[in-house]
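# Tertiary structure, described
What follows is each chain in one-letter form.
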Amino acid sequence: MATTPDLGKPVGVTLDRFIKRDQDSFPYATGELSQLLRDIGLASKILNREITRSGLLNLEGAFGAENVQGEAQQKLDVVANIRFKRALTNGGQVCALVSEEEPDLITINPDANYLVAMDPLDGSSNIDVNVSIGTIFSIYRRKSKKGSQVTKEDVLQPGRDQVAAGYVLYGSSTMLVYTTGQGVNGFTHGPTIGEFFLSHPNIKCTPDGTIYSINDGYWNEMTDELRSFVEYCRSQKLTARYAGSLVTDVHRNLLKGGIYIYPALPKHPDGKLRLLYEANALAMIVEQTGGKASDGKQRILDILPKEFHQRTPLFIGSANLVDKCLEMIS
Ligand code: AHM
Ligand code: MG
């Protein structure tokens, strides 16, 4: 029997309208954060267009330079960095930006209140093979006075002080998922209309997941304790899934339930992923859905960063699976 759609649910509302509704729930909101979120939405739509056409525009492959981490930049890494920087500059709501692609703090508008840390295009080694990639962003309120020079202390805030965070997944469809600390909502891009529409309201991560995601190629370099946890996952008949694209792996586990692990390894003694613009944003999102995120010793969101490009091990996902893993490795 056909069912009548529930017209009371806000599914289908555009991102812009949803951001406005979100803003209205904060009595003293000025609209600056809303504008910033819209700017990120706009840049991601522009980048989405570049990504879908990259094979035709000779935008695949290496750019020929290295970023601050000593990793080969892909052409689309560079394009993504430019697109976001331009959108945030034109939008005027960001005083400074930390980007994976640039070594130093990028000052934008000293009269603005917000700071952004972002990985403009994550998982870029997957670009040339049409595997999903993503953008990750964290938003903080500056501590110093508006109009003054932005300081290192403004940027080095613990993740629990993020005012908003999110990611964009450029996959079989493009999705923007974000939180302002009142739950997590996901928006799917309608390519023919050029808008994001609410498609995944109030996302919740199931406490018991069925997926584990870790690069099995590092088996010989894992600690015995971590290997025991992987063996536990196998014994429980969990499914192994690892795209090698952080946003893709975390997003899938968020919707289906699971754990993603990038441990400290001999070649990455502090882990590979970056605290400020990868782990923190995803930790805020996952915690807001009921999940957990840890570096193996402490909650990701409680780490006080010391450097812009600091790395961290990451154990993130369904609460009971993360707890079980932490219990077994500690
Ligand atoms: P990137 O920021 O240079 O793209 O690297 C981060 C990526 C993550 O998306 C992914 O989870 C991880 O690196 C995969 O690393 P590995 O190939 O070592 O498993
Ligand atoms: Mg990255």
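All of the points below concern the structure found in this document.

Criteria and thresholds
Residues numbered from 1 in each chain as written. Chains lettered and ligands numbered in written order. Predicted model: local features only at pLDDT ≥ 70, side-chain atom pairs only at ≥ 80, totals over all residues. Heavy atoms only, no water. Buried < 20%, exposed > 50% of the residue type's maximum accessible area, 1.4 Å probe, protein only. Helix = DSSP H or I, 4+ residues; strand = E, 2+ residues; numbered from the N terminus. 1 Å grid on protein atoms, 1.4 Å probe; cavity = no way out; pocket = protein on both sides within 12 Å on 5 of 7 lines; lining within 4 Å. Points joined across faces, edges and corners; volume = space filled by probe spheres on them. Nonpolar A, V, L, I, M, F, W, Y, C, P; charged D, E, K, R; others polar. Pairing = 2+ DSSP bridges. Contact = heavy atoms within 4.5 Å. Axes fitted to C-alpha atoms, helices over the stretch in contact; angles between N-to-C directions. Near = heavy atom within 4 Å. Polar contact = N/O pair within 3.5 Å; in protein donor to acceptor, adjacent residues only side chain to side chain. Areas by Shrake-Rupley, 256 points an atom, 1.4 Å probe, with all protein chains shown as cover.

## Description of helix H6 (residues 246–256)
Counting buried residues along H6, nine of its eleven residues qualify, which places the element largely inside the surrounding structure. All of the buried residues along H6 are Leu246, Val247, Thr248, Asp249, Val250, His251, Arg252, Asn253 and Leu254. Remark: glycine 257 follows H6 within two positions and exhibits a positive phi of approximately 95 degrees.

## Structural notes on the layout of surface pockets
Considered as a void within the structure, the second largest pocket measures approximately 360 Å³ in volume. As for the second largest pocket, its lining consists of 17 residues, and the residues nearest its centre are Ala264, Asp295, Lys297, Pro313 and Phe315. Residue composition of the lining of the second largest pocket, grouped by class: nine nonpolar, three polar and five charged.

## Focus on the sheet that holds strand E12 (residues 239–240)
Read from one edge of the open sheet, five strands run E12-E11-E13-E17-E15, paired in mixed fashion. Pairing within the sheet leaves two strands with one partner each, and these edge strands are E12 and strand E15 (292–294). Bridging between strand E11 (residues 211–213) and E12 involves two bridges; their strand directions are parallel. Paired with tyrosine 212 across the two strands is alanine 240, which belongs to E12. Packing against the sheet, H6 makes contact with E11, strand E13 (258–262) and strand E17 (314–317), and its axis sits at approximately 155 degrees to E13.

## Description of the sheet that holds strand E6 (residues 133–141)
In any sheet, the strands associate via hydrogen bonds between backbone groups, in a parallel or an antiparallel arrangement. In space, the eight strands of this open sheet follow the order E4-E3-E5-E6-E7-E8-E9-E10, with mixed pairing throughout. Two strands in the sheet have a free side with no partner beyond their single neighbour: strand E4 (106–107) and strand E10 (195–200). The pairing of E6 with strand E7 (residues 164–170) spans seven bridges and is classified as antiparallel. From the neighbouring strand, glycine 134 faces E7, where its bridge partner is leucine 169. Its contacts with the sheet put helix H3 (residues 75–91) on strand E3 (94–99), E4, strand E5 (114–122), E6 and E7, and the angle it makes with E5 is roughly 155 degrees. Contacting E5, E6, E7, strand E8 (174–179) and E10, H6 crosses the sheet at an angle of about 105 degrees to E7.

## Looking at the site of ligand 1
Lining the immediate surroundings of ligand 1 are 18 residues, of which Asp122, Tyr218, Tyr242, Leu246 and Tyr262 lie closest. Leucine 246 places a polar main-chain atom, nitrogen or oxygen, 2.7 Å from an oxygen atom of ligand 1. When isolated, ligand 1 has an accessible area of 470 Å², and the protein chains bury 85% of it. For the shell around ligand 1, the secondary-structure elements that each account for two or more residues are E5, E13 and strand E14 (273–274). Along the lines of polarity and charge, the residues of the shell around ligand 1 split into six nonpolar, five polar and seven charged.

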